Every structure is written in structure tokens, then in C-alpha cells.
Amino acid sequence: MTNVTNLETNETIEISETIQDYLSLIYVMERDGEPVIGSRLAELLGVKPPTVTATLKRMVRDDLITMDENGTHLTDQGWAASKVVMRRHMLMEWMMQKTLPWSKLHSEAHHLEHAISAMAESALMEQLGRPQTCPHGNPLPGCESAVENWVPLLDLAVGEIATIRRIHELAEENTDLLGYLEKNLVIPGVQMEVMEILPFNQTVTISVGEKPVTLGNAVAKYIFVEQI
Ligand SMILES: [Zn+2]
Ligand SMILES: [Zn+2]
């Protein structure tokens, strides 16, 4: 459970771990201007669509989201709560960074993020030197400008060189994918060059430290780089 204060009534509400998981995904979709679609949530969370529908109804009841002809959107209270969840998650990733491989940080932080108090959160924030992004390069809430100059890998042409900066939150959900990226050094801070783009094959091949790595566009769309 995480306590979040209702902005209108000033009451503190408790949010279950399940709803915190929904909040963080809905936050990312809303922040990026993507429609919040139940079937997409079901796929990302690994649950059945009727389960998602039932949980979204609870979130409407708790004044975290609205659902109407304009789609599904966070309320002010929903935004406030999801920012807390995201920030705690990202701080937990940094906390585990010296202990675990990069590809395991997200799933481990996912367990820990629900247990941290507001006091521990602010102490950790200071101790970590107020990071602007998580170890995957995703922005902490309010730090979006830190990532705005990074471009999608898919925007690059053959021969262009760039530094990998960010693996999008929605790709963090896939542990096998993170393991593959880590094994091939497709991680933030590493320099790469675009070797080959095959639109008919939906692939892009990059070289990382002389080694070619072929990525499907479905994966490459989640990778952002800083052009050199
Ligand atoms: Zn994460
Ligand atoms: Zn992360």
C-alpha cells in the first residue's frame, strides 16, 4: 500500500499494489500522448481483459481515472499518485544498480517500490544526487526535459553514429528483451553506428563495439539515442 493525499479533500487514501502497477503504465501512456487501451494494459500486465476492465472500474470509483467518450484519463489525483509510484520505482532501480545486472533492475524495483515511505524516498533522492532519469534513461516525473533531445533510433540513417541513451518504460516490462539488450551492450551510454536498415524485413542492424546487432522495428522503436 502507498498513501497518497487527495488534493481536494486533503484525505489520505491507500492505493493497492495492483492499482499502483496500473497507474504507472497509464502514466507512461498519457505522458506520451498514447491512448490508454484496456487490451494493451492486459498484454503489458499479463492479465485477462475482463480483469483489466474490473480494475479500471475500481480506479474510476477511487477518483484516479475517468472513463468516458473521450477515453481513459488520469484525474489530478491519479496524476499525483502515479508520479509518486514512478519516482519511487526509479529510485529503487538506482538503489539496486550496484547489486544487480542492469536487465534485472526493473523487475526487482517493481517489488520494492511499494514498500518505500515518503521519508525514505526523499532521503534516497538526495543520496543518489537527484537523478533526472532511471538507469534505463527514462525521465523521473518532472524531468522530461532531460530526455527531449534524444531521438528514436529508427530516425537514424545508415552510417550515422550515436550514443544509446534510453530504453523506453514499455520495453522495461519485457525481462527477456532487457536481457538480450544487456548481453549485446545495447544499453545507455554505449556508442553505436547504424549498419543496415531493411524496411521489408522490419529490421535495423547496428554495430556496438564492432559487433553487429539486429533489432526488429518493434524493439528498435523503444530505443532513443543522442546523435553525435
Ligand atoms: Zn523500471
Ligand atoms: Zn528504468
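Residues numbered from 1 in each chain as written. Chains lettered and ligands numbered in written order. Predicted model: local features only at pLDDT ≥ 70, side-chain atom pairs only at ≥ 80, totals over all residues.

K.L.:
Would you explain the pairing of strand β3 (residues 65-68) in this entry?
P.N.:
The side chains of a regular strand alternate between the sheet's two faces. In the sheet, β3 pairs with strand β4 (residues 71-74) via 4 bridges, with the strands oriented antiparallel. Its bridge partner being in β4, aspartate 68 is matched across the sheet by glycine 71. Linking β3 back to β4 in an antiparallel pair, the connection comprises 2 residues. (Pairing = 2+ DSSP bridges. Helix = DSSP H or I, 4+ residues; strand = E, 2+ residues; numbered from the N terminus.)

K.L.:
What is the right way to read the domain arrangement of the protein chain from this model?
P.N.:
In many reports, interface size means the accessible area that the parts give up when they come together. Splitting the protein chain by domain gives domain 1 (1-135) and domain 2 (151-227). Contacts between domain 1 and domain 2 engage 7 residues on the former and 9 residues on the latter. Within the side of domain 1 that touches domain 2, the residues separate by chemical class into 4 nonpolar, 3 polar and no charged. (Domains from an automatic or database assignment. Contact = placed C-beta atoms within 7 Å. Nonpolar A, V, L, I, M, F, W, Y, C, P; charged D, E, K, R; others polar.)

K.L.:
Sorry, what's going on with helix α1 (residues 17-31) here?
P.N.:
Owing to its 3.6 residues per turn, the α-helix aligns residues three or four sequence positions apart on the same side. Across its 15 residues, α1 extends 21 Å between first and last C-alpha, which sits within 8% of the 21 Å expected from 1.5 Å per residue. For α1, the complete set of buried residues consists of Ile19, Gln20, Asp21, Tyr22, Leu23, Ser24, Ile26, Tyr27, Val28 and Met29. Looking one or two residues beyond α1, the residue adopting positive phi is glycine 33, at roughly 75 degrees. (Expected span 1.5 Å × (residues − 1). Buried ≥ 20, exposed ≤ 12 C-beta atoms within 10 Å, placed from the backbone.)

K.L.:
It is not clear to me how the nonpolar core should be interpreted in this structure. Could you clarify?
P.N.:
Across soluble globular proteins, you tend to see nonpolar side chains buried next to one another. Within the largest apolar cluster, 28 residues are counted, with the highest numbers of intra-cluster contacts made by Leu23 and Ile26. Here the element with the most residues in this core is helix α4 (residues 76-95); it accounts for 8 residues. If sequence neighbours within four positions are ignored, isoleucine 26 has contacts with Val36, Ile65, Leu74 and Ser82. (Core = buried A, V, L, I, M, F, W, Y, C linked by C-beta atoms within 7 Å.)

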